[in-house]
Amino acid sequence: MAVKGESPLGPTPHPLKIFDTCRRQDKFLYACAPMVRYSKVPLTSSPPLSISRYFVFLVPEMAPKLTMNKLAFRQTVHQYGTDLCWTPMILAKEFNRNEFARDSDLTVSTKHPQPPTILQFGANVPVELARASSLAAPFVAGVDLNCGCPQSWACAETLGAALMDKRELVRDMVVETRERLRQDGWGVLMEEDVENPRGRSVSVKIRVHDDLRHVLRSSTGA
């Protein structure tokens, strides 16, 4: 995979631009995001969408089983109106160190429609997330740090939902990732780079606890 240079996939819509377009048109945003279990939301339902400057809450239209959201599946749901896709959680450490893992976990196409895709990483070391994001940036619309996975193995490795109690570590990973992408020539600002063809989003997926005060403490420090 290329680390720097132009994206081999051509212009990729910035995820925030997709959200803004849906908001301006007063329409739902249809997302395809992998989950540990199949979604119990009927596939015919329309997902509510709420956008603020810092948080996006949505119910995915399609929630495939954890390892199903590969290229062919993303292309299929894109043809049926899905606006934005997320990959399954990919371990940043393995993505960095193993070319086979990169080719296997991140499948893209340069000849057929490439749905706007956010790559979801599992990481707990800033330099690992930054390097993995640098490798992936030419091929995706954005990168996302998974702080929501509740699986026991992930929490035992301080991944996924375990990061909800480590705000400073999450902050450091996001800051280092944004700086690495900026050094590589990608646009990582929010409003300023929405129209930039080299704009890439850096986001964090959080887990919504029953006690919303815990979510606010983890997200804002309030």
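Cut-offs applied
- Residues numbered from 1 in each chain as written.
- Predicted model: local features only at pLDDT ≥ 70, side-chain atom pairs only at ≥ 80, totals over all residues.
- Heavy atoms only, no water.
- Helix = DSSP H or I, 4+ residues; strand = E, 2+ residues; numbered from the N terminus.
- Polar contact = N/O pair within 3.5 Å; in protein donor to acceptor, adjacent residues only side chain to side chain.
- Contact = heavy atoms within 4.5 Å.
- Phe/Tyr/Trp six-rings, centres within 6.5 Å; stacked < 30°, edge-to-face > 60°.
- Buried < 20%, exposed > 50% of the residue type's maximum accessible area, 1.4 Å probe, protein only.
- Salt bridge = Lys/Arg side-chain N within 4 Å of Asp/Glu carboxyl O.
- Pairing = 2+ DSSP bridges.
- Axes fitted to C-alpha atoms, helices over the stretch in contact; angles between N-to-C directions.
- Left-handed = near helix turned anticlockwise from the far one by under 90°.
- Nonpolar A, V, L, I, M, F, W, Y, C, P; charged D, E, K, R; others polar.
- Expected span 1.5 Å × (residues − 1).
- Arc of directions from axis to C-beta.
- Core = buried A, V, L, I, M, F, W, Y, C linked by side-chain atoms within 4.5 Å.

1. Examining the side chain of Asp-193
Point 1. Note that Asp-193 resides in the loop between helix H7 (167–183) and strand S7 (201–206).
Point 2. Engagement of the side chain of Asp-193 in a polar contact is seen with the backbone nitrogen of Val-188, the distance being 3.2 Å.
Point 3. Apart from residues no more than four positions distant in its own chain, Asp-193 is found in contact with His-14, Gly-187, Val-188 and Gly-199.

2. Topic: the packing of aromatic side chains
Point 1. For the structure shown, the criterion picks out one aromatic pair.
Point 2. Between Phe-95 and Phe-121 the ring centres are 5.3 Å apart and the planes differ by 70 degrees, which places this aromatic pair in the edge-to-face class. Residue Phe-95 is found in helix H3 (residues 92–97), and its partner Phe-121 is found in strand S5 (residues 117–122); the two are separated by 26 residues along the sequence. Comparing Phe-95 with Phe-121 shows no difference in burial state: the two are buried.

3. Details of the pattern of salt bridges
Point 1. Enumeration over the complete set of coordinates arrives at six salt bridges.
Point 2. Here Lys-17 and Glu-195 are joined by a salt bridge, their closest N and O atoms 3.1 Å apart. Separated by 178 residues along the polypeptide, Lys-17 in helix H1 (residues 15–24) and Glu-195 in the loop between H7 and S7 bring together distant segments of the chain.
Point 3. Notably, a salt bridge pairs Arg-180 with Asp-184, separated by 3.8 Å at the nearest N-O pair.

4. As for the sheet that holds strand S4 (residues 84–91)
Point 1. The strand order across the open sheet built from five strands is S1-S4-S5-S6-S7, with neighbouring strands paired in parallel fashion. Bordering the open sheet on either side are strand S1 (31–32) and S7, each of which pairs with just one other strand.
Point 2. Both S1 and S4 contribute to a ladder of two bridges, which runs parallel. Residue pairing for S4: Cys-32 is matched across the bridge by Cys-85.

5. As for unusual backbone geometry
Point 1. Positive phi values are uncommon outside glycine, yet Asp-26 reaches one of about 55 degrees.
Point 2. Inspection of the secondary structure assignment puts Asp-26 in the loop between H1 and S1.
Point 3. The phi torsion at Thr-158 lies on the positive side, around 55 degrees, for a residue other than glycine.
Point 4. As for its position among the elements, Thr-158 is in the loop between helix H6 (152–156) and H7.

6. Here we look at the packing of helix H5 (residues 126–136) against H7
Point 1. As a packed pair, H5 and H7 sit with axes 8 Å apart at the nearest point and diverge in direction by 35 degrees. Crossing angle aside, the handedness with which H5 passes H7 is right-handed. Taking contact as the criterion, the partners of Pro-126, Val-127, Leu-129, Ala-130, Arg-131, Ser-133 and Ser-134 in H5 are, on H7, Leu-169, Asp-172, Met-173, Glu-176, Thr-177, Arg-180 and Leu-181.
Point 2. Split by residue class, the contact of H5 with H7 holds seven nonpolar, three polar and four charged.

7. What to know about H7
Point 1. Taking 1.5 Å as the rise per residue, H7 with 17 residues should run 24 Å; its terminal C-alpha atoms sit 24 Å apart, in good agreement.
Point 2. Along H7, the residues that are buried comprise Val-170, Met-173, Val-174, Thr-177 and Leu-181. Each buried residue of H7 lies within a common arc of 95 degrees when the element is viewed along its axis, so the set occupies one face. Across H7 from its buried face, at more than 90 degrees, point the exposed residues Val-175 and Gln-183.
Point 3. In this fold, the buried residues of H7 make contact with H5, strand S6 (142–147) and S7.
Point 4. Just past H7, the residue Gly-185 takes up positive phi, approximately 100 degrees.

8. Here we look at the nonpolar core
Point 1. Membership of the largest hydrophobic core comes to 21 residues, with the highest contact counts inside it found for Phe-95, Leu-106, Leu-119, Phe-121, Ala-136 and Leu-145.
Point 2. Elements represented by at least two residues in this core include exactly H3, S5, H5, S6 and H7.
Point 3. When residues of this core are assigned to their parent elements, the largest contribution, four residues, is made by H5.
Point 4. Counting residues in each nonpolar core, the second largest holds nine residues, with Phe-19, Cys-22, Leu-84 and Trp-86 among its members.

9. A short note on the pairing of S5
Point 1. A large share of S5 lies buried, amounting to six of its six residues.
Point 2. Of the two faces of S5, the one lined by Thr-117, Leu-119 and Phe-121 and the one lined by Ile-118, Gln-120 and Gly-122 are each fully buried.
Point 3. Both S4 and S5 contribute to a ladder of five bridges, which runs parallel. Pairing of Cys-85 across the sheet is with Thr-117, part of S5.
Point 4. Pairing of S5 with S6 involves four bridges; the strand directions are parallel. Bridge pairing in S6 places Ile-118 opposite Gly-142.

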